[in-house]
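Read off the chains here:
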Amino acid sequence: MKRIKLGQMIFMALCCDCGLIAKKLISPFADLITESLHIPGGIATGISLMFIIVPAASFRIFGCATLMSVIQSVLALSFGMVGSMGALAPIGYIIPGIVIDLCLFLFRRSASPSSGILAASIAASVSAALTADILVFRLYGIALCVYIAVAATTGAVCSLPASVLAGRISSYISDRTLKEDVLS
């Protein structure tokens, strides 16, 4: 098992914070779209999950996304950002983290790292929507289908910047590791 270095932990903590801040900033704009469709959220969550996918895809450490999701859920509870899920919000944060880890693990040997990020982003957004639906909303029929479609679309759109960021961070990490190996 790979050990997580201090710099990686700091970056992961910053990404957890950025995910919560982005969710808070984008929520008013996302609510305009979701209220016109008469569905609960789903857009802001996809953007928040992007900040978990980037370090998990960059560092390639299994369990990284789950760890970040646990930390993000604790931060959300302490900041009072639990939304409609209330005390069950940690479940809504942790399940997508597990899904991200599983998707990135399954796609770790694929030809394109972007395919793993795309699958992880879509699957995590859909799992977050399904978790919220099961715990709180209890949608069914067309409303549930639209809710899942919006979550999947947001996940797919957010996978594009996540893929670019993860590629840049991975190249930086590999360059830095190469320099450390040469110096030692």
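(A) Structural detail: the packing of helix α2 (residues 43–59) against helix α4 (residues 89–106). With their axes 11 Å apart at the nearest point, α2 and α4 run at an angle of 35° to one another. Crossing of α2 over α4 shows right-handed handedness. Across the interface between the two elements, Leu49, Ile52, Ile53, Ala56 and Ala57 of α2 pack against Pro96, Ile100 and Leu104 of α4. Taken together, the residues of the contact of α2 with α4 break down into eight nonpolar, no polar and no charged.

(B) Representation of the environment of leucine 160 in the model. One can find leucine 160 in helix α6 (residues 142–183). Taking C-alpha positions, leucine 160 is 8.5 Å from isoleucine 117, a pair spaced 43 residues apart along the chain.

(C) Geometry of the confidence of the model for the protein. Across the protein, pLDDT averages 84, with 92% of residues at or above 70. Ranking the elements of the protein by mean pLDDT puts α6 last with 79 and α4 first with 92.

Reading the values: rules and limits
- Residues numbered from 1 in each chain as written.
- Predicted model: local features only at pLDDT ≥ 70, side-chain atom pairs only at ≥ 80, totals over all residues.
- Heavy atoms only, no water.
- Axes fitted to C-alpha atoms, helices over the stretch in contact; angles between N-to-C directions.
- Helix = DSSP H or I, 4+ residues; strand = E, 2+ residues; numbered from the N terminus.
- Left-handed = near helix turned anticlockwise from the far one by under 90°.
- Contact = heavy atoms within 4.5 Å.
- Nonpolar A, V, L, I, M, F, W, Y, C, P; charged D, E, K, R; others polar.
- pLDDT = per-residue confidence, 0-100.

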